[in-house]
Amino acid sequence: LTNKGCKGIYIVIDELGKFLEFEARHYGANDIYMLQALAEHACKGDECNLFLFVLLNQSFEQYAKGLGESLKNEWAKVQGRFEDVPFLESAEQVLRVVSAAFSYDFTQKEQQTLKSTIKGYVEVLESNDALPGVVDKKAMVDLMNHCYPLHPVSAILLPALCQKVAQNERTLFSYLGSHEEFGLQDMIERFESTDEFIYPHHVYDYFITNQPAALGDYRTHRRWAEVVTAIERLGDAPEDHLNLLKTIGLLNIIGIKGGFKPSKALLETCGRNHSVIGKSLKALSDKSIITYRRFSGEYRVWQGSDFDLEEALEEELNNLGEFSLAEELNKANALMPIVARRYTIHSGGLRYFTPEFVDAQTYKLSTPKTNDPRIIFFLASAKDDEALFKEAVINHYSELDLVALCLNGTQLREATAEVLALRQVQNKRQELNSDPVAKREFEDRLTAAESAERHLLQSLQEQPQDCEWFYQSEGHSVATKREFQELLSSVLEAVYDKSPHLHNELINRDRPSAQANAARNKLLEAMMENPSDKDDLGIDKFPPEKAIYRSILAATGLHNKDTKEFQEPHRKSPFYHVWKEINQFLDSTEKTPRSFADLNAVLMAPPYGVKAGVLPILYISAYIIYQHELALYENRQYKPVMTQEMIDRFVKRPDEFTFQRFRITGLRSSIYKEYCKIIDTGSQQTVIQLVKPLAQFIGSLPEYTQRTKTAELSEKAKSVRNAFNYAKSPEHLIFEDIPKALGYEKELNKENPNLEGLSLSLQSCLQELKEAYPNMIKQQVRMLLEAFHMDTSSNIENLRRKAVGRYEGLEQHTVDVDGLKAFIKRLTKRQGDDESWLESVLMFLGQKPTKKWTDTDRSEVDVKLSDYAKRILDLEALRVHYDRSKKHMDGEFDVILLKSLKKGSEPIDEVVAIDSRRKEAIQDCKQEIYEAIKKHSDS
């Protein structure tokens, strides 16, 4: 270029702010250093020199907001290479441009009227030194005439307002062309004549509705907050008051510019009626909404606040010091889990990555491996952090975790620090509770700070290309959100390579809904019943449990739709790999029973990833398929079968249920043969098949038989019963406990034991246990016959017939309602069969069903029966004498039984009937007896 006579290169960069904004948001973009290099080259001079001219809408430091102190200092050095040339159009020049944007089609009369009105306004502005620049009155009237429909005050304040709160002329012309509410185009459509203007309060309405107050300039924002709060305090007021307050507020925001201020004269031009303005000013002053400053001759919105938010914020930022950004973000759950959508749709199970933040100081404290997939966001704040990340951090985490290098750690720290500091201001400063202006200012600031922090955090997943992604130390290029989602899904497919794909949103989740849980429980009940003659486990219509059955059991081959039997899943089944793990677990139970809860963590973790909602269905399926070789225990007590009631408890507390697998191998043949003599299903028996009918027999015995210690049962029978109740395992029960209970303990210790007769002895004991309860009932029938002096060889039918015949109606002769009378009613009840009648009588005596009686209950029944029987026999004697005496007694009479008991002799009893005549005749005799008794002191 020099050879060709070129003296230099002139570079102009417009909208440099866009480059600076990108640099501020993307750490490491290095645009700022390119700018520095160009500036240094221009400054050092050369034969062919470089002249760099850049244009910015804001000052250089405004773009550095949110950066750390070190980066701000770097930016300040770059700014120092440039010479600032501020450029602001004068209000007069801006108004000339604005006036050129309007064209009119007025009549001559409308033009004269409009010019006359505007001339009056301009004269007021001139007399108060409120006109901008050095333009004379005539030129200003002409200029304002061309700016119609803007009121002169509106026209003058608009450029200044746009400089304060937005982007200068750009915002001004947006307003002029705006059809939004209160925009100029919208207002013009409402006008009906040239008498109408766009007043300052209309401008206020536009900016408050469509242009939120700028937060960059603290003082401007504070003024906005003051005006908005004042309007809220004013409440329900006349429209004139409200419009005047908005006008004063706008003029306060732009500040005093010569005589252009909210003086009374200037405010009177902003309304159609001067007298109304005066009344409104007085009303607002009386309410302390505005105040008048005599020294400057202006009205101001009363600030009502001395709270300095910037000072308070700075103080809390200093108190915050060097906090751990990663810990704060993790504590606040700053990012929601990120769902791997493609994998979730393909597999049918919701899978997501939990975000976790670490940095150079905290990554070693982070758990290297968890049960759930994570995205580890490493927050880098310097070049050293990047080197550490690639050397150590990417190798620190497991195959479940995706690791990302975030280059906006510094900006995120600044944003988070501001949020934390503002919350501390909220907690500590009481002024915010009593100062509405300060409160509004604080709330706006906090909202903006939280929004900035949220934007930076969301950009981590919304703009994944700004991070560097690594999986198992290998880098992955991510240019779009789609590629990011593909990476998430590919990681999960590699991690959960043995996971079953199940398409049922109801149950294929870790926390099913209450409705899904209810449907699953109904399905489990249907699985246990498993009718062989019905499709879909006999589930009618289309309830949710049928959908679960078809997707989890039928579609996977766990339940064969043709044979209607449960079976091990085939090789192509989604459950094939999972079932192998379940089988290995059951094999591990041969020595000690274990709970399926021990298997939960294995099946839910990689490579299986089975959802918690599906596990109970798998476990019950395994129990059904292997039930001939699985022993079931609830709270360490053997249960021969899984009942419907147990299913509900199993789902809620699987840890209380344990299972043990037994194989046929290793059985003691001699004992085995003895059992087969009484238990024969026609094929080789497993331990469970041997013990199940015995356990079912013992379990079905009445509670009375289970608990009685009566001598009516032999000691062997009691020992066999107790062996079942306290058995540790079916194997121990069959080969040790029962032989010992039957007296074969010594034989078990011999090399060649002689167990001949064990089966007969066991059969005899079982027969005893079976007959214990019926024998007790027979004994109670005999007791009833004896108590009522009946033939003890009679049966229940005769007992009942005689009791009804002898004692029916006898309850009328006693007042013992709850005891004797109730017993007689049960004794003489005619409804129902004989067994139900007997159970009713005995249950009344024992206060509980006979099957639940204890030995103590039997003793108490004997005593109670003896007492009732004696009282019934006495009542019977009274009734017989009453019937005999009725024929020769006059009117009402009493029948009295007198009984004398003496040890060693029979009782002496006498029944007497006393009517009114006899009662009167014996009064003298009674008195003589009383007198005779009184003479003796010995009771």
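The rules behind the values
Residues numbered from 1 in each chain as written. Predicted model: local features only at pLDDT ≥ 70, side-chain atom pairs only at ≥ 80, totals over all residues. Heavy atoms only, no water. Phe/Tyr/Trp six-rings, centres within 6.5 Å; stacked < 30°, edge-to-face > 60°. Helix = DSSP H or I, 4+ residues; strand = E, 2+ residues; numbered from the N terminus. Disulfide = S-S within 2.5 Å. Contact = heavy atoms within 4.5 Å. Polar contact = N/O pair within 3.5 Å; in protein donor to acceptor, adjacent residues only side chain to side chain. 1 Å grid on protein atoms, 1.4 Å probe; cavity = no way out; pocket = protein on both sides within 12 Å on 5 of 7 lines; lining within 4 Å. Points joined across faces, edges and corners; volume = space filled by probe spheres on them. Nonpolar A, V, L, I, M, F, W, Y, C, P; charged D, E, K, R; others polar. Buried < 20%, exposed > 50% of the residue type's maximum accessible area, 1.4 Å probe, protein only. Pairing = 2+ DSSP bridges. Core = buried A, V, L, I, M, F, W, Y, C linked by side-chain atoms within 4.5 Å. Expected span 1.5 Å × (residues − 1). Arc of directions from axis to C-beta. Axes fitted to C-alpha atoms, helices over the stretch in contact; angles between N-to-C directions.

## As for the packing of aromatic side chains
Move 1: Using the criterion set out here, one finds 27 aromatic pairs in the structure.
Move 2: With a centroid separation of 5.9 Å and 70 degrees between ring planes, the pair formed by Phe-106 and Tyr-148 is classed as edge-to-face. Of this pair, Phe-106 sits in the loop between helix 5 (91-99) and helix 6 (108-127) while Tyr-148 sits in the loop between helix 7 (137-146) and helix 8 (152-165); the two residues are 42 residues apart in sequence, bridging distant segments of the chain.
Move 3: Ring geometry for Phe-378 and Phe-389: centres 5.3 Å apart, planes at 40 degrees, overall tilted. Of the two residues, Phe-378 is situated in strand 7 (residues 374-379) and Phe-389 in helix 19 (residues 383-391); the sequence distance between them amounts to eleven residues.

## A few points about the state of the cysteines
Move 1: Within the structure shown, the criterion is met by zero disulfides.
Move 2: We note that Cys-270 lacks a disulfide partner, and the nearest cysteine sulfur, in Cys-147, lies 15 Å from it.

## A look at the environment of Glu-808
Move 1: When you line up the elements, Glu-808 lands in the loop between helix 37 (796-807) and helix 38 (817-827).
Move 2: For the pair formed by Glu-808 and Gly-348, sequence separation is 460 residues and the distance between their alpha carbons is 73 Å.
Move 3: Apart from the residues within four sequence positions on either side, Glu-808 is in contact with Ala-803, Thr-828, Arg-830 and Arg-879.
Move 4: Here the side chain of Glu-808 touches Arg-830 through a polar contact of 2.7 Å, side chain to side chain.

## What about empty space enclosed by the protein?
Where empty space is left can be seen by rolling a probe of water-molecule size over the atoms.
Move 1: Using the criterion set out here, one finds one cavity of 30 Å³ or more in the structure.
Move 2: Roughly 70 Å³ of internal volume is contained in the largest cavity.
Move 3: The wall of the largest cavity is formed by Tyr-343, Ser-347, Gly-349, Arg-351, Ser-499, Pro-500, Leu-502, Asn-508, Gly-609, Val-610 and Lys-611.
Move 4: Counted by class, the lining of the largest cavity contains four nonpolar, five polar and two charged residues.

## Things to note about the pairing of strand 7
Move 1: Across the six residues of strand 7, six count as buried, placing the element largely inside the fold.
Move 2: Taken together, the five bridges between strand 6 (residues 352-358) and strand 7 define a ladder with parallel strand orientation. When the sheet's bridge partners are listed, Glu-356 is paired in strand 7 with Ile-376.
Move 3: Here six bridges tie strand 7 to strand 8 (residues 401-406), and the two strands are oriented parallel to one another.

## Details of the environment of Tyr-148
Move 1: The buried category is assigned to Tyr-148, whose relative accessible area is 5%.
Move 2: Put simply, Tyr-148 and Phe-197 are 49 residues apart on the chain and 7.5 Å apart in space, counted from C-alpha to C-alpha.
Move 3: Not counting residues within four places of it along the chain, the set of residues in contact with Tyr-148 comprises Phe-102, Tyr-104, Phe-106, Leu-114, Phe-191, Ser-193, Thr-194, Asp-195, Glu-196 and Phe-197.

## Observations regarding the layout of surface pockets
Move 1: For the second largest pocket, the calculated volume is near 420 Å³.
Move 2: Forming the boundary of the second largest pocket are 22 residues, of which Tyr-199, His-201, Asp-240, Asn-243 and Cys-270 lie nearest the centre.
Move 3: Looking at the lining of the second largest pocket, the elements with two or more residues in it are helix 11 (200-210), helix 13 (239-254) and helix 15 (274-286).
Move 4: No other element matches the five residues that helix 13 contributes to the lining of the second largest pocket.
Move 5: Per-class residue counts for the lining of the second largest pocket are nine nonpolar, seven polar and six charged.

## As for the nonpolar core
Move 1: With 66 residues, the main nonpolar core has Leu-150, Leu-157, Tyr-175, Val-203, Leu-245 and Phe-260 as its most contacted residues.
Move 2: The biggest single contributor to this core is helix 8, with eight residues.
Move 3: For Phe-260, the contacting residues outside a window of four places in its chain are Asp-129, Ala-130, Val-153, Ile-156, Leu-157, Leu-251, Ile-254, Gly-255 and Leu-266.
Move 4: Counting 48 residues, the second largest nonpolar core, distinct from the first, contains Leu-523, Leu-537, Ala-622 and Leu-630.

## Some thoughts on helix 37
Move 1: Between its first and last C-alpha atoms helix 37 spans 16 Å; for twelve residues at 1.5 Å apiece the expected length is 16 Å, and the two agree.
Move 2: Every buried residue of helix 37 is listed here: Ile-796, Leu-799, Arg-800, Ala-803, Val-804 and Tyr-807. Projected onto a plane normal to the axis of helix 37, the buried residues spread over an arc of 125 degrees and lie on a single side. Exposed residues pointing more than 90 degrees away from the buried face of helix 37 are listed as Glu-797, Arg-801 and Gly-805.
Move 3: Following helix 37 by one or two positions, Gly-809 adopts a phi angle in the positive range, close to 85 degrees.

## Brief notes about the sheet that holds strand 13 (residues 630-634)
Move 1: Spatially, the three strands line up as an open sheet ordered 14-13-15, and their pairing is antiparallel. Single-partner strands in this sheet number two, and they are strand 14 (637-639) and strand 15 (657-661). If you compare each strand with its neighbour and ignore which way they point, the axes differ by 35 degrees on average.
Move 2: Across five bridges, strand 13 lies against strand 15 in antiparallel orientation. The residue bridging Leu-630 from the neighbouring strand is Arg-661, located in strand 15.

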